Amino acid sequence: MTDAGELMLLSILSPELQCKWHLAKWQQALITTIVFVGYLIGSPLWGKFADVYGRKTALIMIGLWLFVFGLLSSFSPNYIWMLLLRGLVGFGIGGTAQTVVLYSEFLPSTVRGFWMTLVSFSWILGVVWVVAVGYFVMPTLGWRWLLVIAALPLIIFIACCYFLPESPYYHVACGNKEAALDTLKLVAKTNGKSLPPGDLKVGSGSGDRGTFVELYSDRKTTITTSLLLFIWFAMAFVYYGIVLLTTELFAKGHSCAATPANIDETCFDSCQLLTKKDYTKIIITTLAEFPGHLITLGIIDYAGRKLTISIQNMLCAGSILLLFICTKSQITLTVFLFLARGLISGAFQAIYIYTPEVYPTHVRGMGLGTCGSIARIGCIITPFVAQVFLDKSPTATIALYAFVCFLAAVAIIFLPIETKGRNLVSQLKETKSALKSS
């Protein structure tokens, strides 16, 4: 929820600061981009940290990092300080995907897709919460208080992480049999069950954990990793592009996305602040993520991960192309954005489920972190498309997002492994075995 809230701040904060600090469009876009630069750097490093020192320890450190620099950014005296502090916030956000790793390692394969999709609704709540706070705070208290309030839920996050058990998969990878058994006994006791008979097999714990080269250990593993990197890049580019397009089109008063804005970029007085009506429309398009996630929730454990992600990306590409239809009603524009946002959000959640299922325990954090890091390259580029290039050529902007989304749908089909109903693997050789049998 805090991850989503921090990212949603970008689409609310950048138009406000453009007007307050008389920023050019490229400077406005850079406020968004710098957060994703931080994410790009932080994501693999936090993944490595989680694989070496544990998921729980990593999450506590990430929460502290986000709280401190999120709060400090509210005191930014100028544009340069804002870039620096939001970049550090982005570095922390890069580690939040480790919550997915920890959660997935406690779920059985038969219901993993369902429960991981269900918990993803907290992302939507985080987005809606920030927009709702912005609706009331921005016109009265201003952007500094918005940043302060957005950082406060991190206190609850840090407190909750303290009571989380460490992943038994992590203990097994470290060769710590006693700690793994203690966690499993706690889980069994909590559920009113007893541990099944048998002995727990553990590794020596002496091998490297979180090694990047193991993501490319053979030909098929290389294909899997390479395709995932492109898919994450493409889906992040499209998802955050749609988020930014929503605020840009509403702020400019467009009823037709393909109509040029004709805004003089040197005239700072022509900047558009979001109105309360705009906030309402943003909440409506954000709520589109609910049905998108519900679709994923309903089909991912039946249709499989690959088909779920591919179909949603294909339909999202079609929804983006609907923006070429010019109408006199902003309601129609809202509906088109609603469809695109819901579909890409549902697909994004499914890829978050698929990725940690592909990799073994000792590189699971690194694998997910690396994919998240490459995704941020798409996020770094997309503000300059949705906020700068949109003014130059709305038609090309829409076509680009639809095309990238279509390419992601095709790439997913060629992934070698379908992870539906598959247990999480602990060793790299298990992944290789699955690749040979596919």
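Above this text is the structure in question.
If you're wondering where the values come from, they're calculated on a predicted model, not measured in any experiment.

The rules we used
Residues numbered from 1 in each chain as written. Predicted model: local features only at pLDDT ≥ 70, side-chain atom pairs only at ≥ 80, totals over all residues. Heavy atoms only, no water. Helix = DSSP H or I, 4+ residues; strand = E, 2+ residues; numbered from the N terminus. Buried < 20%, exposed > 50% of the residue type's maximum accessible area, 1.4 Å probe, protein only. Areas by Shrake-Rupley, 256 points an atom, 1.4 Å probe, with all protein chains shown as cover. Core = buried A, V, L, I, M, F, W, Y, C linked by side-chain atoms within 4.5 Å. Contact = heavy atoms within 4.5 Å. Disulfide = S-S within 2.5 Å. Salt bridge = Lys/Arg side-chain N within 4 Å of Asp/Glu carboxyl O. Phe/Tyr/Trp six-rings, centres within 6.5 Å; stacked < 30°, edge-to-face > 60°. Lys NZ or Arg CZ within 6 Å of the ring centre and 35° of its normal. Patch = residues over 30% accessible without salt bridge, like charges linked within 9 Å, V, L, I, M, F, W, Y side chains within 5 Å. Arc of directions from axis to C-beta. Axes fitted to C-alpha atoms, helices over the stretch in contact; angles between N-to-C directions. Parallel < 35°, antiparallel > 145°, perpendicular 65-115°, else oblique. Left-handed = near helix turned anticlockwise from the far one by under 90°. Nonpolar A, V, L, I, M, F, W, Y, C, P; charged D, E, K, R; others polar.

(A) Up close: the overall build of the protein chain. Per the secondary structure count, the protein chain includes 19 helices and 0 strands. Looking at the protein chain as a whole, 57% of its 438 residues are labelled buried. Accessible surface, the protein chain: about 17,500 Å² in total, of which carbon and sulfur atoms supply 70%.

(B) Region of the structure containing the nonpolar core. Membership of the largest hydrophobic core comes to 103 residues, with the highest contact counts inside it found for Trp-232, Met-235, Val-238, Cys-316, Ile-320 and Ile-351. Not counting residues up to four positions away in its chain, the partners in contact with Cys-316 are Val-238, Ile-242, Ala-340, Leu-343, Ile-344 and Cys-405.

(C) Highlighting the state of the cysteines. Per the counting criterion, the structure on display carries 0 disulfides. Here Cys-316 is not cross-linked by a disulfide; its sulfur's nearest cysteine counterpart is in Cys-405, at 3.7 Å.

(D) Main features of the environment of Ile-41. When you line up the elements, Ile-41 lands in helix α2 (residues 25-53). Distance from Ile-41 to Ile-374, taken between C-alpha atoms, is 9.5 Å for residues 333 residues apart in sequence.

(E) Representation of the pattern of salt bridges in the model. Inspection of every chain in the model, using the stated rule, returns 5 salt bridges. Notably, a salt bridge pairs Asp-51 with Arg-55, separated by 2.7 Å at the nearest N-O pair. Of the two residues examined, Asp-51 and Arg-55, each falls in the buried class.

(F) The packing of aromatic side chains, seen in detail. For the coordinates displayed, the defined rule picks out 17 aromatic pairs. Measuring from centroid to centroid gives 5.8 Å for Tyr-239 and Phe-348, while their planes differ by 90 degrees, and the two rings are edge-to-face. Taken together, the residues Tyr-239 in helix α12 (residues 219-251) and Phe-348 in helix α16 (residues 330-358) connect sequence positions 109 residues apart. Across the pair, exposure class does not vary: Tyr-239 and Phe-348 are buried alike. Pairwise contacts between aromatic rings join Phe-36, Trp-232, Tyr-239, Tyr-240, Phe-348 and Tyr-352 into one cluster. The ring of Tyr-162 is capped by Lys-56, whose NZ or CZ atom sits 5.7 Å from the centre of that ring. The cationic tip of Arg-376 hangs over the ring face of Tyr-39; the distance from NZ or CZ to the ring centre is 3.7 Å.

(G) Just the environment of Phe-324, in detail. Here Phe-324 shows up in the loop between α15 (305-321) and α16. For Phe-324, a relative accessible area of 30% translates into the label partly exposed. Between the alpha carbons of Phe-324 and Ile-398 there is a distance of 7.7 Å; along the sequence they are 74 residues apart. Setting aside residues up to four positions removed in sequence, Phe-324 forms contacts with Thr-395, Ile-398 and Ala-399.

(H) Quick peek at unusual backbone geometry. One non-glycine residue, His-22, adopts positive backbone phi at about 55 degrees. Relative to the helices and strands, His-22 is located in the loop between α1 (2-20) and α2.

(I) Inspection of a nonpolar patch on the surface at higher detail. Together, Phe-230, Met-314, Phe-403, Phe-406 and Leu-407 make up a nonpolar patch on the protein surface, roughly 420 Å² of accessible area in all. It is helix α18 (residues 394-413) that contributes the most residues to the nonpolar patch, 3 residues altogether. Within the fold, Leu-407 resides in helix α18.

(J) A look at helix α9 (residues 153-162). Among the residues making up α9, those that are buried are Pro-153, Leu-154, Ile-158 and Cys-161. Looking down the long axis of α9, one finds its buried residues gathered within 145 degrees of arc, a one-sided arrangement. Exposed residues on α9 whose side chains face more than 90 degrees from its buried face are Ile-156 and Tyr-162.

(K) Summary view of the packing of α16 against helix α17 (residues 361-392). As a packed pair, α16 and α17 sit with axes 8 Å apart at the nearest point and diverge in direction by 140 degrees. Comparing their axes, α17 and α16 come out oblique. Crossing handedness for the pair α16 and α17: right-handed. In contact with Tyr-352, Thr-355 and Pro-356 of α16, α17 contributes Arg-364, Gly-367, Leu-368, Cys-371 and Arg-376. For the contact of α16 with α17, a count of residues per class yields 4 nonpolar, 2 polar and 2 charged.

(L) Spotlight on the environment of Leu-83. Its location among the elements puts Leu-83 in helix α4 (residues 79-93). Looking at Leu-83, the relative accessible area reads 13%, which means it is buried. Other than its neighbours up to four places away in sequence, Leu-83 contacts Leu-30, Ile-31 and Ile-34.

(M) Representation of the packing of helix α3 (residues 55-72) against α4 within the structure. Running from N to C, α3 and α4 cross one another at 160 degrees; their axes reach a closest spacing of 9 Å. Classed by the angle they form, the pair α3 and α4 counts as roughly antiparallel. Two packed elements cross with a definite hand, and for α3 against α4 that hand is left-handed. Taken together, the residues of α4 that come into contact with α3 (itself represented by Ile-62, Trp-65, Leu-66, Phe-69, Gly-70 and Leu-72) are Leu-85, Arg-86, Leu-88, Val-89, Phe-91, Gly-92 and Ile-93. When its residues are assigned to classes, the contact of α3 with α4 shows 10 nonpolar, 2 polar and 1 charged.

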